[in-house]
Amino acid sequence: MRRVLRLCLTFLSLVTSAVSAQEPQTREEADRQRREQQAKEATAYKPNGLEKALDFAEDRAIFLLDREGFHPKLGSLTTGSGFAYGVGFRDRDLFSNRGALEIWAAGSIKRYWATEARMTFPRLANNHLHLEAWGSRRDYPQENFFGLGPDSNRDDRSDYAIRTDHFGGRAGVRPVAHLLVGGGMEYLKPRLGAGQNDRYPDVPVVFPPSDVPGIDSRSDFMRSSAFAEVDYREPIYAKKGGWYRFDFSHYDDRTTDQFTFNRFDADVRQFFGFLAGRRVIALRLAASTSDTDAGQTMPFFFMPTLGGNDTLRGFREYRFRGPHAILAQGEYRWEIWSGFDGALFYDAGKVADTRSELNFKDLESDYGVGFRFNTNNGVMFRVDAAFGSNDGNHLYIVVGGVF
Amino acid sequence: MVTTSISWSAVFSRAAAAGVLVLFALVLPQSASPRFYPDDPLWTDNDRVADASKVTSVEDSNSYDFVINTLGDPGERRDVRALNVNTVDEVPDSSWFTNRIGRTPMSVEAIRRGPDRADRVNVAGWKVSGGKSAGVQPGFRMTDAEGQIYQIEVDPSSNPEIASGAEIIGTAFYHAMGYNVVDVYPAEIDREALVIADGATIRDPLNGRRRQMKKYDLDNVFNRAARLKNGHYRVLVSRFASGTPLGNFRYYSRRPDDPNDLVLHEHRRELRGARIFGAWLNHDDSRGINSLDMLERTNGRAWVRHYMFDFGSILGSGTIFAQRHRSGNEYIYEQKPGWLTMATLGLYVRPWITIDYPDVPKSVGRLEAERFDPVKWKPEYPNAAFANVRPDDAFWAARIVSKFSDAAIRAVVEKAEYTDPAATDFLAKTIIARRDKVVAAFINQVCPVVDTTLSADGTLSFTNAAVDAKAATAPERYELTWFRFDNATDQRTTAGDVMRVSTGSARMPNGLAGDFIGVSITAVHAQQPGWTNPSTFFFRRAASGWTLVGVERGAVTAPVLRG
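What counts and how
- Residues numbered from 1 in each chain as written.
- Chains lettered and ligands numbered in written order.
- Predicted model: local features only at pLDDT ≥ 70, side-chain atom pairs only at ≥ 80, totals over all residues.
- Helix = DSSP H or I, 4+ residues; strand = E, 2+ residues; numbered from the N terminus.
- Buried ≥ 20, exposed ≤ 12 C-beta atoms within 10 Å, placed from the backbone.
- Contact = placed C-beta atoms within 7 Å.
- Rg over C-alpha atoms; globule rule 2.2 N^0.38 Å.
- Core = buried A, V, L, I, M, F, W, Y, C linked by C-beta atoms within 7 Å.
- Domains from an automatic or database assignment.
- Nonpolar A, V, L, I, M, F, W, Y, C, P; charged D, E, K, R; others polar.
- Pairing = 2+ DSSP bridges.
- Axes fitted to C-alpha atoms, helices over the stretch in contact; angles between N-to-C directions.
- Left-handed = near helix turned anticlockwise from the far one by under 90°.
- Expected span 1.5 Å × (residues − 1).
- Parallel < 35°, antiparallel > 145°, perpendicular 65-115°, else oblique.
- pLDDT = per-residue confidence, 0-100.

## Thoughts on the overall build of chain B
Then step 1. In terms of regular secondary structure, chain B is built from twelve helices and 19 strands.
Then step 2. Overall, the C-alpha framework of chain B stretches about 85 × 70 × 60 Å when taken along its three principal axes.
Then step 3. Looking at chain B as a whole, 48% of its 563 residues qualify as buried.
Then step 4. In chain B, of all internal contacts separated by at least 6 residues, the share reaching a separation of at least 24 is 73%.

As structure tokens, then:
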């Protein structure tokens, strides 16, 4: 009976509410009733998890790498260092926003580490003058060495450690748009030691000291340099234009007067965009040559090298080393989606014992395919797979671009 | 063996419940609403009636808006008539939209003026009151002597006048269409005369923290700005909207905390129609984060006004560079062409890559009309309201577009005050050419009969919007199907045979009577297959004759009985 009673009460309440909610007689009244009902049901907006995460990423995390003050330092320290991570501090608000200070220290998964303090004044004299000063220590414990010259043997792989202190400064003047000329001074204090990679012998185990100039050196160097740079790429991750740099350096052995030498580097990069810039042919030609006065020798650790993710990609890091080197690279880049490109590449180059051998004969070469995540300002991240060399296939996952 | 026991009390209870339901059904008044209320058609949607003071800000991030619309499928995607139109298939005035050129002729001067309260503004004496909070265009805020805040934005040095020109043009057009927009003015600023107000703050671009604004913050803006020959800078001055900012609206769903927001945004006619306007003016940046909601108060009640915002990236402008080739042709992320391009190592060439954009002043950017296909046009990423566009929505918008005369378009472009007359001329011609394509593409998807009247003596008159807009020639004939209409049951009863006429005039069949009658019209035209998509008109008997009370464009959605 209780159930029947409850049913009757339900019936009465339904009838009462139905009669009280009068049927609207006009459209305006109908809409007003709907809004009154909605006002009763209104709830506060609650963002979902994805929304919260992306909001946070955009609002805060995006500043993580580029933020002022303390920030994580991620990337690589040098070719072959492996992924590095550390901490940095920056202040880009010095002298009324004219100067910037950056200090960082980082170590890599292969136990490379480095620390650096750098102060830059990039926009002095109405953007015509660029000043820079730095001090750093770089400790690279397992650098590859296969011998000098083009005929070095891959089976002679050995390693060495090098720790270098740098203190220097540089000034650049921009007399006209796209052109930067300048020079600088840098004090270098390289110290060599036994390689830390247990899988390979130390350099002196494989090579006699006479074949490796500078292996026993404890010299300090003063490097004085002059450079000219032309940059008319559009944009920086270029679809057209060019970037050319010419660098002359004099290395003065301040300790033993045995390793004084001159080095000249030229790097010419040209970009040809077509199909609305969605396809780009990128070409690079780089050459390095050196000379010494009588009785002087160029230490091996200042010689140009080829091999690794940004030169001859079909060869392991520093596979070739010599007093002279030439490198030609070509890439065909095609845009797949905005910010994501594919690339087919071909690299060729060699090192030479003499300048007269610095030509396009008997070049080592490789080819491959890659993908790049990019912005107009450069490649953030790339994957390159290289084939076609006599040094095996190589896969690179790299923070940063090639050229 | 199965045994069954019967509970007589349970049987009695069930019988009682059934009885209650039957009684309820009999006693309750009929709940079905009539198709037409006495006050139809409503031309004002009073969406300020409920107090919305508890509404909170919803400010989407760029990345969320992109991800949810590109990889998600937000909103309701279904083929349903827009839910906020009145019974004559028009958008009533509301906090979203005000009928302007679509309903009443506007003078060229009124279109050109747009929302502006003044002819010009002079920023001399104003103070810099803060940094700019969002967007890629460099800028800051200034406050005038009365305390009104304005946003100041500069053009990129690579493309002088490009973003400010686009913003001025877009604002005038979208205002005339009917959207809420803010006043914008071109002005000239002397960098050296700027004064930063005490207490002016900026969100540091390097770390996101709010701090006091400094002189070099202005340097950072002007270092990227196009400079005039006299050393000053042309800037865009945008008046801040009244009220309290509530972030942006979305092109899908509703604000759950706004009692006045009844209709899912993806089913709002003016948001669906924005896809057509976007195609016309290449507003590929028409997305939620480029909208603005403001909380206003009237008579002590709070309500939300919805603005279209940020037209700096329309036409050929990409705000800080010339518009990209992809703009309007492909979403930022679109699977099929991307995979094809990847798999073929770039041998597959997307069609838009081969568009040969005309060589025009840098203030114009990248725009063209020759290869422009309004049907295939796309914004930066998918948009739920745009995905729901039906022929009736497209017709509504195309008809509005058709009302912008050549003279009006030229006047709006001239308002941007481009230094190079070639820029003005090119833009005006291109917008006119794109208008013609948009109108031709969308006004002909349904039978374009409009301005339909039924006189007391039974004479039906109508015009053809497509013919009037020169988007089509006259049809071979019109075919009219008359019917009686039962407003309570929504049923139509056909009266007589199909009537065929060659002009916009016909006689109602003899003997057709009732409180509501209607006529469904199609047209026969060899080049316009969309004209077989009927437009149906409903008339209510009034003391002086017949009043148009309903318009339905497209297939019949209610049962039709043969008479």
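Once the structure has been displayed, the description carries forward.
## With respect to the overall build of chain A
Then step 1. Along chain A, the regular secondary structure elements total five helices and 18 strands.
Then step 2. A globule of 403 residues ought to have a C-alpha radius of gyration of about 22 Å, yet chain A, at 31 Å, is considerably larger.
Then step 3. Along the three orthogonal principal directions, the C-alpha set of chain A runs to about 115 × 50 × 45 Å.
Then step 4. Across the 403 residues of chain A, 27% fall into the buried class.
Then step 5. Partitioning the intrachain contacts of chain A with sequence separation of at least 6 by distance along the chain shows that 54% fall at a separation of at least 24.

## Side note on the nonpolar core
Then step 1. Counting residues in each nonpolar core, the largest one holds 129 residues, and the members touching the most others are Val237, Ile276, Ala398, Val401 and Phe442 of chain B.
Then step 2. Top element by residues in this core is helix α4 (residues 162–177) of chain B. It accounts for ten residues.
Then step 3. Excluding anything up to four places from it in sequence, Ile276 of chain B contacts Ala394, Ala397, Ala398, Val401, Val438 and Phe442 of chain B.
Then step 4. In this structure, Ala84, Tyr112, Tyr160 and Val212 of chain A belong to the second largest nonpolar core, which totals 23 residues.

## A look at the domain arrangement of chain A
The accessible area lost on association of the parts is a frequent measure of interface size.
Residues and elements named next belong to chain A.
Then step 1. Its domain assignment divides chain A into domain 1 (51–119) and domain 2 (128–398).
Then step 2. Between domain 1 and domain 2, the C-alpha centre-to-centre distance is 24 Å.
Then step 3. Split into classes, the residues belonging to the side of domain 1 that touches domain 2 amount to five nonpolar, five polar and four charged.

## Here's the deal with the sheet that holds strand β9 (residues 291–298) of chain B
Residues and elements named next belong to chain B.
Then step 1. The strand order across the open sheet formed by three strands is β8-β9-β10, and the pairing between neighbours is antiparallel. Across the chains shown, the open sheet's two edge strands, defined by having one partner strand only, are β8 (244–245) and β10 (301–308).
Then step 2. Judged from the two bridges that link them, β8 and β9 form a sheet pairing that is antiparallel. If you follow Pro245 over to β9, its bridge partner there is Met294.

## A word on the interface of chain A and chain B
Then step 1. Listed per partner, the contact involves 50 residues of chain A and 48 residues of chain B.
Then step 2. When residues in the side of chain A that touches chain B are grouped by element, the largest group, ten residues, is from helix α2 (residues 27–41) of chain A.

## Thoughts on the domain arrangement of chain B
Then step 1. What the domain assignment reports for chain B is domain 1 (62–103 + 248–442), domain 2 (109–243) and domain 3 (449–561).
Then step 2. On a C-alpha basis, the centroid separation for the pair domain 2 of chain B and domain 3 of chain B is 51 Å.

## Topic: the packing of helix α6 (residues 269–281) of chain B against helix α11 (residues 421–442) of chain B
All names here are of chain B.
Then step 1. Contact geometry for α6 and α11: axes closest at 8 Å, N-to-C directions at 145 degrees. Crossing of α6 over α11 shows right-handed handedness. Facing α6, whose interface residues are Ile276, Ala279 and Trp280, α11 presents Arg434, Arg435, Val438 and Phe442.
Then step 2. Looking at the contact of α6 with α11 residue by residue, the class counts come to five nonpolar, no polar and two charged.

## Topic: helix α9 (residues 391–402) of chain B
Residue and element names in this part refer to chain B.
Then step 1. Compared with an ideal rise of 1.5 Å per residue, which puts twelve residues at 16 Å, α9 spans 16 Å between its outermost C-alpha atoms and is within 8% of the ideal.
Then step 2. The element α9 is largely enclosed, with a buried count of eleven among its twelve residues.
Then step 3. Those residues of α9 that fall on the buried side of the exposure criterion are Asp392, Asp393, Ala394, Phe395, Trp396, Ala397, Ala398, Arg399, Ile400, Val401 and Ser402.
Then step 4. Of the surrounding secondary structure, the elements contacted by the buried residues of α9 are α4, α6, α11, α12 (465–468) and β18 (545–553).

## Overview of the sheet that holds strand β2 (residues 139–143) of chain B
All names here are of chain B.
Then step 1. With mixed pairing, seven strands are arranged side by side in an open sheet as β4-β7-β3-β2-β1-β5-β6. A single partner strand is all that each edge strand has here, and the edge strands are β4 (184–189) and β6 (210–212). Within the sheet, the average angular offset between the axes of one strand and its neighbour, ignoring direction, is 30 degrees.
Then step 2. Two strands pair when backbone bridges link them, and strand β1 (residues 127–131) and β2 are joined in this way by four bridges, in the antiparallel orientation. Bridging from a neighbouring strand, Lys127 pairs with Thr143 of β2.
Then step 3. Contacts between α4 and the sheet are confined to β3 (149–154), β4 and β7 (233–239), with β4 contributing the most and set at about 155 degrees to the helix.
Then step 4. Helix α5 (residues 215–222) contacts β1, β2, β3, β5 (196–203) and β7 of the sheet and is inclined by roughly 125 degrees relative to β2.

## Side note on the packing of α4 of chain B against helix α10 (residues 406–415) of chain B
All names here are of chain B.
Then step 1. Contact pair α4 / α10: the axes reach a minimum separation of 8 Å and the direction vectors enclose 140 degrees. Considering their axes alone, α4 and α10 lie oblique with respect to each other. Considering how the two elements wind past one another, α4 and α10 form a crossing that is right-handed. Side by side, α4 and α10 meet where Ile168, Ile169, Ala172 and Phe173 of the first sit next to Val412, Val413 and Lys415 of the second.
Then step 2. Of the residues contributing to the contact of α4 with α10, the split by class is six nonpolar, no polar and one charged.

## Concerning the environment of Gly339 of chain A
Residue and element names in this part refer to chain A.
Then step 1. Within the secondary structure, Gly339 sits in the loop between β14 (324–337) and β15 (340–352).
Then step 2. The exposure class of Gly339 is partly exposed, given the 15 C-beta atoms found within 10 Å.
Then step 3. As for Gly339 and Asn376, which are separated by 37 residues in sequence, their C-alpha atoms are 8.2 Å apart.
Then step 4. Residues within four places of Gly339 in sequence aside, it is in contact with Phe373, Asn374 and Thr375.

## A few points about the pairing of strand β16 (residues 516–524) of chain B
Residues and elements named next belong to chain B.
Then step 1. Summarising burial for β16: eight of the nine residues are buried, a large majority.
Then step 2. As defined by bridge partners, strand β13 (residues 477–486) adjoins β16 across eight bridges and the pair is classed as antiparallel. Paired with Thr481 across the strands is Ser520, a residue of β16.
Then step 3. Of the strand pairs in this sheet, β16 and strand β17 (residues 535–542) are connected by six bridges, and their pairing is antiparallel. Bridged to Ile521 within β17 is Ser535.

## So, the environment of Thr473 of chain B
Residue and element names in this part refer to chain B.
Then step 1. Relative to the helices and strands, Thr473 resides in the loop between α12 and β13.
Then step 2. With 13 C-beta atoms packed within 10 Å, Thr473 lands in the partly exposed category.
Then step 3. Separated by 52 residues in the primary sequence, Thr473 and His525 have C-alpha atoms spaced 8.5 Å apart.

## Some words on the environment of Ala466 of chain B
Then step 1. By the secondary structure assignment, Ala466 of chain B is in helix α12.
Then step 2. With 32 C-beta atoms counted inside 10 Å, the residue Ala466 of chain B sits in the buried group.

## Things to note about the pairing of strand β17 (residues 378–387) of chain A
Residue and element names in this part refer to chain A.
Then step 1. Alignment of strand β16 (residues 364–375) against β17, held across nine bridges, turns out to be antiparallel. What sits directly across from Asn374, in β17, is Val379.
Then step 2. Where β16 folds back on β17, the antiparallel hairpin that results is connected by two residues.
Then step 3. Counted between consecutive antiparallel strands, the loop separating β17 from strand β18 (residues 394–398) contains six residues, among which Gly388 sits at a positive phi close to 85 degrees.

## What to know about the confidence of the model for chain B
Residue and element names in this part refer to chain B.
Then step 1. Of the residues in chain B, 93% reach a pLDDT of 70 or more, and the chain-wide mean stands at 92.
Then step 2. Long-range and interchain partners of residues 20–30, a stretch whose pLDDT sits below 50, account for nine contacts in this model, where long-range means more than four residues apart.
Then step 3. Confidence estimates for the predicted assembly give a pTM of 0.89 and an ipTM of 0.87.

## Description of unusual backbone geometry
Then step 1. Between Glu234 of chain A and Pro235 of chain A the backbone carries a cis peptide bond, its omega angle lying at -20 degrees.
Then step 2. Note on placement: Pro235 of chain A falls in the loop between β8 (221–231) and β9 (241–253).
Then step 3. The residue after Asp40 of chain B, namely Pro41 of chain B, is reached through a cis peptide bond having omega -5 degrees.
Then step 4. Within the fold, Pro41 of chain B resides in the loop between α1 (8–27) and α2 (62–70).
Then step 5. A positive phi angle, close to 50 degrees, is found at Ala125 of chain A, a residue other than glycine.
Then step 6. Within the secondary structure, Ala125 of chain A sits in helix α4 (residues 124–127).
Then step 7. Even without being a glycine, Leu315 of chain B presents a positive backbone phi close to 55 degrees.
Then step 8. Here Leu315 of chain B shows up in the loop between β10 and α7 (335–343).

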